[in-house]
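Okay, here's what each chain looks like letter by letter:
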Amino acid sequence: MSITMPKPKQKPANVEDFIGAAPDAVAKEVVLSAAQPVKTLKAKRGTSRSQVSVVLADELVTRVDEQAGKSYMSRSAYITMALNKFLERVG
């Protein structure tokens, strides 16, 4: 009997390839301006959404997490809901 090493798994070339291979999202690039491509993710249910990165104060993140937990929501869902409510108010 011989001992063999398992073949190493092939890693994606970059993060976009890794994210794009997720079973619940198909990535495509949308260009808003020549300098700023935005990655749009398409959910299984057919709704389009974009992944964005924002910097928030630690205290604000803590407050959002507390309120999201009380509402049994994820941080992302709670922030999305709050932004929608705010934008409806300001028109």
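Residues numbered from 1 in each chain as written. Predicted model: local features only at pLDDT ≥ 70, side-chain atom pairs only at ≥ 80, totals over all residues. Heavy atoms only, no water.

1. Re the overall build of the protein chain
Part 1 of the argument: Within the protein chain one finds three helices and three strands.
Part 2 of the argument: Its helices and strands in sequence order give the protein chain the pattern α-β-β-β-α-α, from N to C terminus.
Part 3 of the argument: For the protein chain, the proportion of its 91 residues judged to be buried stands at 8%.
Part 4 of the argument: Residue pairs at least 24 apart in sequence account for 2% of intrachain contacts in the protein chain once pairs closer than 6 positions are excluded.
Part 5 of the argument: With the model as given, the accessible surface of the protein chain reaches about 8,600 Å², and the carbon-plus-sulfur share is 57%. (Helix = DSSP H or I, 4+ residues; strand = E, 2+ residues; numbered from the N terminus. Buried < 20%, exposed > 50% of the residue type's maximum accessible area, 1.4 Å probe, protein only. Contact = heavy atoms within 4.5 Å. Areas by Shrake-Rupley, 256 points an atom, 1.4 Å probe, with all protein chains shown as cover.)

2. Overview of a nonpolar patch on the surface
Part 1 of the argument: Together, Val 52, Val 54, Leu 56 and Leu 60 line one region of the surface with nonpolar side chains, adding up to about 370 Å² of accessible area.
Part 2 of the argument: Along the polypeptide, Leu 56 turns up in the loop between β3 (48-50) and α2 (58-70). (Patch = residues over 30% accessible without salt bridge, like charges linked within 9 Å, V, L, I, M, F, W, Y side chains within 5 Å. Salt bridge = Lys/Arg side-chain N within 4 Å of Asp/Glu carboxyl O.)

3. Observations concerning the environment of Arg 75
Part 1 of the argument: With respect to the helices and strands, the residue Arg 75 is situated in helix α3 (residues 75-90).
Part 2 of the argument: In this structure Arg 75 comes out as partly exposed when scored by relative accessible area, which is 44%.
Part 3 of the argument: Arg 75 sits eleven residues away from Val 64 along the chain, and the two C-alpha atoms are 6.9 Å apart.
Part 4 of the argument: Not counting the four nearest positions on each side in its chain, Arg 75 is found in contact with Val 61, Val 64, Asp 65 and Ala 68.

4. Topic: the packing of α2 against α3
Part 1 of the argument: Their axes nearest at 9 Å, the elements α2 and α3 cross at an angle of 95 degrees. Judged on the interaxial angle alone, α3 and α2 are roughly perpendicular. Packed against α2, whose contacting residues are Val 61, Val 64, Asp 65, Gln 67 and Ala 68, the element α3 presents Arg 75, Tyr 78 and Ile 79 at the interface.
Part 2 of the argument: The class makeup of the residues in the contact of α2 with α3 is five nonpolar, one polar and two charged. (Axes fitted to C-alpha atoms, helices over the stretch in contact; angles between N-to-C directions. Parallel < 35°, antiparallel > 145°, perpendicular 65-115°, else oblique. Nonpolar A, V, L, I, M, F, W, Y, C, P; charged D, E, K, R; others polar.)

5. Focus on the confidence of the model for the protein chain
Part 1 of the argument: With 59% of its residues at a pLDDT of at least 70, the protein chain reaches an overall mean of 76.
Part 2 of the argument: Taken element by element, the predicted model of the protein chain shows its lowest mean pLDDT in strand β1 (residues 26-33) (49) and its highest in α2 (94). (pLDDT = per-residue confidence, 0-100.)

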